[in-house]
Amino acid sequence: MAVDEGSWYGQDSGVSQVRGQLFEAICLLATSVGIVSVLILLLYVTLDAFEPLTADPGWHLVFLLTLVLPATLLAIYYYRSSDPAGEVAYVTTGLPIVGLLLSGGVLVVFAELLAIKEWFALALSLGAVGVVWYAHKRGRPSAVLERFGILILGTAVSVFGLPPTALARVAGLPKRIVSLRELVLELPYLPLSSLQVVATLTLPVAALAGLFVARRRASRRDGVVAAALIVTGALFGPVIDAVVGINGEVWVVLVTMTAVPVAVYIEGVVRRKEGVAGLAFPLVLVGGVAVGTVLVNALGFAGPDVWLDWSYLTSAPSTTPEEAGIYPALVGSVMLLLVIVAMTFPVGVGAAIYLEEYAPSNGLVGKFVTLIEINIANLAGVPSVVYGLLGLALFINFVHLPSGSVIVGGLTVGLLILPIIIISAQEALEAVPDSMRQASYGMGATRWQTTRNVVLPEALPGIMTGTILGLGRAIGETAPLLLVGIAASVGLAPAGFLDLTGAMPRQIFTWAFEPKPEFRYGVLAAGVVTLLAVLLVMNATAIVIRNKYQRE
Amino acid sequence: MTPDESTQSSASTGTQTTTTDGPLVDQQIDVDTNDARPSAETVIEARHIDVFYDDVQALDDVSIEIPEQQVTAMIGPSGCGKSTFLRSINRMNDLVDAARIEGELLFRGKNVYDEDVDPVALRRKIGMVFQHPNPFPKSIFDNVAYGLRVQDMDVDEEQVVEESLKKAALWDEVKDQLDSSALDLSGGQQQRLCIARAIAVDPEVILMDEPASALDPIATSKIEDLIDDLAEDYTVVIVTHNMQQAARISDKTAVFLTGGELVEFDDTEKIFENPEHQRVEDYITGKFG
């Protein structure tokens, strides 16, 4: 073979790389177009909401030095070090944020929807049913149907009571059997409301956390200590309430829903000694903000004239842009979300389980099932406006539910995201390896036992991810809300599920058409940022959950 | 129910190896006749079994009587229906929509495909170990106790788990880490865990579908010793690709050949030393398949 004059490697080796590089550049451009457009929108909206240019240059300088610089340096340090400090950093920062949002949601529910003592009565009555059910399970484990009946009937009687029936009158019972819930409400003395929250919210959470810690540290004593610490921490709430008179419930909810997950996570990090440096990040952020605030106050620099501040989040809309707020629409969105979750999670996951585990795939019935699956995929693509029309026709005209109420809005948007939930739950179930099911069946398990003990636990992270992503979409849907009559603007948060309500995206839509420019630029931007913040947190949670379980 | 006492025709000590005569000219396969078990009652009987997957026939007129408390091996080339037959015994093929079975399959005289037989109840008497170890993503203890809980068996869980792990020759290796995840074990340990899991519920028959094919030689030999011990208490039916393995551990061997046909079923020594059919002889000596 003749030897070439040039070398076999290098530029003249004869293999052209140009086409490949050009293709890569075009694909990169395509990616960038999408990302850059979204970034431009975000920048626009954030600038409008926070108006950073109205602040003194000194203000910017102070926060640059105390917050931005340390945080960036720390982030670079994490990036260059090899241990999982970076992951610990963003989880430790994100977890309190998620916890705060959840706590905020719970507090909003207590403030607007369900008085604490009503919640207390409900929890006690449901707890009583639970105790009876558990006793029955221990006493007569095989009477499954009976136990199911007890669950349904018990819940109904305990929460709603029995209406007067001829049978009851014959038996000499009083006109109406009062429910346990009402009995609790009639009690002459109820404990302090914050104590009620401790009993019904903190105790179960503490028990769960204690179990989790006990298993992780392989020590029952550690679990008990953890649970005791949580309850003690929460009990500071009533103390504060008694001594100072501020709402103790806020403290209790914050401890239960924010401090507990963060503490459990930090305990895990410290015990495993992996990425402990990451714990510094939130401290640097909080410290930076605190030091910066002290400094700007001391040096007298004026902050920016923000549209999005605490008063925006807690006021009602108004004709004056400066006093406008998003609070009622926020509460409306939260309540809509509650209805959506209550409706789509059981129905969607149930449908997915049936289609995946129980439905035959052969024969005539099998073809019918395939038809159903194709149609569910089609339904996922139907425009949201059409779902709005469906909601109007079905819930308002046919069932005569009140127009624009929480329940109508929730059911309509719930129908919208139901196909998405079904499809993603089905994919999660499909991803469970068949060998696990075979092993379970080989052990003499029924299909129900296999689904409950093996398939569902394995598929649950995937189902949760799909559900959270679906809910993220639901919170921002506007077209169906327009058609079912959700209020353009509400002054008061809805007090019940049948009340007229507003919603965040609907409110933003209204502001976009207001004549005053401050509404269209400032207030609207603040609303968009609020909505996006909630959305971002939900999506980030879903992705973190999915990544964590994918790696396992 | 006493097993028939019949004298073994060739009472030999140690292993037999044939060299020049007979079909094993090019191969030496050691047939272990040391622990020849006395022949026993039939526990599983197949009568003219045909199995179809949609229109493809996987088993063709299979009739076999599997003796109790012995190791029966089923060998043959890939795709000849051995696994299909195994899965028909405990009705695991019910889970495959496309599968259709004709003929009778009797377990202790009762046709398992009768209307009044609940497959769940059947699988509690006939356990199964699969080719690839498939422990649940739970702790070792929960894996072994799974069958007990699922069948609502009123036993002392800790004691049964310990006994099963001891029988599966895994206890010493895992007794300090019963709460750790089963997925942290090595392949061989996971397979022994699956065996422990299968025997925890005290079945009568254990079906094994190529249990050692995914394991290294050392793990394989541990499993083989285990199978030998298991046959003291359970009936073992094992499907294997590995002829040497079949010759080492089984008392009786069934040879399936292409098309889902059971060509020959006899004592292991006879199959490997002096089979009746030429096709079996060809298969064993490696002339095809």
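So, how was this worked out
Residues numbered from 1 in each chain as written. Chains lettered and ligands numbered in written order. Predicted model: local features only at pLDDT ≥ 70, side-chain atom pairs only at ≥ 80, totals over all residues. Heavy atoms only, no water. Helix = DSSP H or I, 4+ residues; strand = E, 2+ residues; numbered from the N terminus. Buried < 20%, exposed > 50% of the residue type's maximum accessible area, 1.4 Å probe, protein only. Contact = heavy atoms within 4.5 Å. Areas by Shrake-Rupley, 256 points an atom, 1.4 Å probe, with all protein chains shown as cover. Pairing = 2+ DSSP bridges. Buried area = accessible area lost by both parts, 1.4 Å probe. Salt bridge = Lys/Arg side-chain N within 4 Å of Asp/Glu carboxyl O. Polar contact = N/O pair within 3.5 Å; in protein donor to acceptor, adjacent residues only side chain to side chain. Patch = residues over 30% accessible without salt bridge, like charges linked within 9 Å, V, L, I, M, F, W, Y side chains within 5 Å. Lys, Arg positive; Asp, Glu negative; His and termini not counted. Charge placed at Lys NZ, Arg CZ, Asp CG, Glu CD. Domains from an automatic or database assignment. Expected span 1.5 Å × (residues − 1). pLDDT = per-residue confidence, 0-100.

Which residues make up the overall build of chain B, and what values go with them?
Looking only at helices and strands, chain B has 10 helices and 12 strands in total. Taking all 289 residues of chain B together, the buried fraction comes to 51%. Within chain B, residue pairs in contact and separated by at least 24 positions form 67% of the contacts whose partners lie at least 6 positions apart. For chain B, the exposed area adds up to about 13000 Å²; of that, 42% sits on carbon and sulfur atoms.

Lay out the pairing of strand E11 (residues 252–257) of chain B in plain terms, naming residues and giving numbers.
Residues and elements named next belong to chain B. Most of E11 sits inside the fold, with five of its six residues counted as buried. Here strand E5 (residues 71–75) pairs with E11 via four bridges, running parallel. By the bridge assignment for E11, Ala-73 is matched with Thr-253. In the sheet, E11 pairs with strand E12 (residues 261–267) via six bridges, with the strands oriented antiparallel. The partner of Val-255 across the bridge, within E12, is Glu-264.

I'd like a description of the interface of chain B and chain A, backed by residues and values.
With 24 residues of chain B in contact, the opposing surface of chain A contributes 20 residues. When chain B packs against chain A, the two sides together hide about 1700 Å² of surface, and 58% of this comes from carbon and sulfur. For chain B, the biggest contributors to the area lost against chain A are B:Asp97, B:Tyr146 and B:Val150; these three give 28% of the whole. For the pair chain B and chain A, the number of links is zero salt bridges. The tally of links between chain B and chain A comes to seven residue pairs in polar contact (both at pLDDT 80 or more). At the level of secondary structure, the elements contributing two or more residues to the side of chain B that touches chain A comprise helix H2 (119–125), strand E8 (126–129), helix H3 (140–150) and helix H6 (187–200) of chain B.

Break down a negative patch on the surface for me, citing the residues and quoting the values.
On the surface, A:Asp305, A:Asp309, A:Glu322, A:Glu323 and A:Glu518 cluster together into a negatively charged patch. Mapping A:Asp309 onto the fold places it in the loop between helix H11 (280–299) and helix H12 (310–314).

Pulling in residues and values, what's your account of the side chain of B:Thr72?
Residues and elements named next belong to chain B. One can find Thr-72 in strand E5. What makes Thr-72 buried here is its relative accessible area of 0%. What Thr-72 contacts, discounting residues up to four positions off in sequence, is Ile-66, Pro-67, Val-236, Val-237, Ile-238, Lys-252 and Phe-265.

Tell me about the domain arrangement of chain A, and name the residues and values.
Each assigned domain of chain A is listed with its residue range as follows: domain 1 (114–190) and domain 2 (314–551). Distance from the C-alpha centre of domain 1 of chain A to the C-alpha centre of domain 2 of chain A: 31 Å.

With reference to specific residues and values, describe helix H4 (residues 116–139) of chain A.
Residues and elements named next belong to chain A. Between its terminal C-alpha atoms H4 stretches 34 Å, which fits the 34 Å expected from 24 residues at 1.5 Å a residue. Among the residues of H4, Ile-116, Phe-120, Ala-121, Ala-123, Ser-125, Val-129 and His-136 are the ones counted as buried. In this fold, the buried residues of H4 make contact with helix H3 (85–113), helix H5 (144–160), helix H7 (180–186), helix H8 (193–217) and helix H10 (248–272).

An account of the pattern of salt bridges is requested, with residue identities and associated values reported.
Tallying each qualifying case throughout the model produces 23 salt bridges over all chains. The residue A:Glu477 makes a salt bridge to A:Arg473 at a minimum N-O spacing of 3.0 Å. The residue B:Asp266 makes a salt bridge to B:Lys270 at a minimum N-O spacing of 3.8 Å. Overlapping salt bridges, with partners in common, bring together B:Glu68, B:Arg108, B:Lys125 and B:Glu204 in one network.

Break down the confidence of the model for chain A for me, with residues and values.
Of the residues in chain A, 95% have a pLDDT of 70 or more, and the chain-wide mean is 86. Within chain A, the element-level pLDDT minimum falls on helix H6 (residues 166–170) of chain A, averaging 60, and the maximum on helix H16 (residues 406–430) of chain A, averaging 95.

Before we move on, can you summarise a nonpolar patch on the surface with the specific residues and values?
Residues and elements named next belong to chain A. On the surface, Leu-61, Leu-64, Leu-65, Val-68, Leu-69, Leu-73 and Ile-76 cluster together into a nonpolar patch covering about 640 Å² of accessible area. Here Leu-65 lies in helix H2 (residues 57–80). The class of Leu-65 is exposed, set by a relative accessible area of 53%.

An account of unusual backbone geometry is requested, with residue identities and associated values reported.
All names here are of chain B. Phi at Asp-152 takes a positive value of approximately 55 degrees, unusual for a residue other than glycine. For Asp-152, the position within the fold is in the loop between H3 and helix H4 (157–167). A positive phi angle, near 60 degrees, is found at Ala-169, a position not held by glycine.

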